[in-house]
Amino acid sequence: MRKRLRKKLHVGEFQELGFEVRFRVADNLSHDAFDAVVDVFISQAIEAHELMCGGGGKNPEWHVFVTREGRGSATEE
């Protein structure tokens with residue numbers, strides 16, 4: 001496969017990696033409190049580190065895939 005196509009398809013040396021995050025909160029947490037937990041997670045763990053996530057869930061479980069914002073892979077840092 002040609003380099004230009006590998007870059008377009010994000011494969012080979014252009015592959016971008018991420019990781020999955022799952023969390024579970026107390027079953028008796030209200031929907032508003034659950035939304036607050038998710039908002040804090042997104043602002044402090046995702047956006048503060050220039051990451052982006054996709055996925056979701058409902059109270060009490062949430063599953064997302066996290067990757068770096070823009071180009072590149074998410075690292076352990």
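Let me sum up the structure you'll find in this document. (Residues numbered from 1 in each chain as written. Predicted model: local features only at pLDDT ≥ 70, side-chain atom pairs only at ≥ 80, totals over all residues. Heavy atoms only, no water.)

## Brief notes about the sheet that holds strand S3 (residues 61–68)
Item 1. Reading across the sheet, the 3 strands line up as S1-S3-S2 and stay open at both edges, with antiparallel pairing between neighbours. Each edge of the open sheet is held by one strand with a lone partner, namely strand S1 (19–24) and strand S2 (51–58). Ignoring strand direction, the axes of neighbouring strands in this sheet form an average angle of 20 degrees.
Item 2. The pairing of S2 with S3 spans 8 bridges and is antiparallel. Within S3, the residue paired with glycine 56 across the bridge is histidine 63.
Item 3. Helix H2 (residues 31–46) contacts S1, S2 and S3 of the sheet and is inclined by roughly 15 degrees relative to S3. (Pairing = 2+ DSSP bridges. Helix = DSSP H or I, 4+ residues; strand = E, 2+ residues; numbered from the N terminus. Axes fitted to C-alpha atoms, helices over the stretch in contact; angles between N-to-C directions. Contact = heavy atoms within 4.5 Å.)

## With respect to the packing of aromatic side chains
Item 1. Tallied over the full model, the rule gives 3 aromatic pairs.
Item 2. When the ring of phenylalanine 23 is compared with that of phenylalanine 41, the centres are 5.5 Å apart and the planes differ by 55 degrees; the resulting orientation is tilted. With phenylalanine 23 in strand S1 and phenylalanine 41 in helix H2, the pair connects residues that are 18 residues apart, well separated along the chain.
Item 3. On the accessibility criterion, phenylalanine 41 (17% relative accessible area) is buried.
Item 4. Here the aromatic rings of phenylalanine 23 and tryptophan 62 are separated by 5.4 Å at their centres, their planes lie at 50 degrees, and the arrangement is tilted. Here phenylalanine 23, found in strand S1, pairs with tryptophan 62, found in strand S3; they are 39 residues apart in sequence, far enough to count as distant. For the residue pair phenylalanine 23 and tryptophan 62, the accessibility class agrees, reading buried in each case. (Phe/Tyr/Trp six-rings, centres within 6.5 Å; stacked < 30°, edge-to-face > 60°. Buried < 20%, exposed > 50% of the residue type's maximum accessible area, 1.4 Å probe, protein only.)

## Some points on the side chain of threonine 67
Item 1. One can find threonine 67 in strand S3.
Item 2. With near-sequence residues (within four places) excluded, threonine 67 lies in contact with Leu17, Gly18, Leu51, Met52, Gly72 and Ala74.

## Here's the deal with the environment of proline 60
Item 1. Tracing the backbone shows proline 60 in the loop between S2 and S3.
Item 2. Residue classification places proline 60 among the buried residues on the basis of a relative accessible area of 18%.
Item 3. Along the backbone, proline 60 and aspartate 27 are 33 residues apart, and their C-alpha atoms lie at a distance of 5.7 Å.
Item 4. In contact with proline 60, other than residues within four places in its own chain, are Phe23, Arg24, Val25, Ala26, Asp27 and Phe34.

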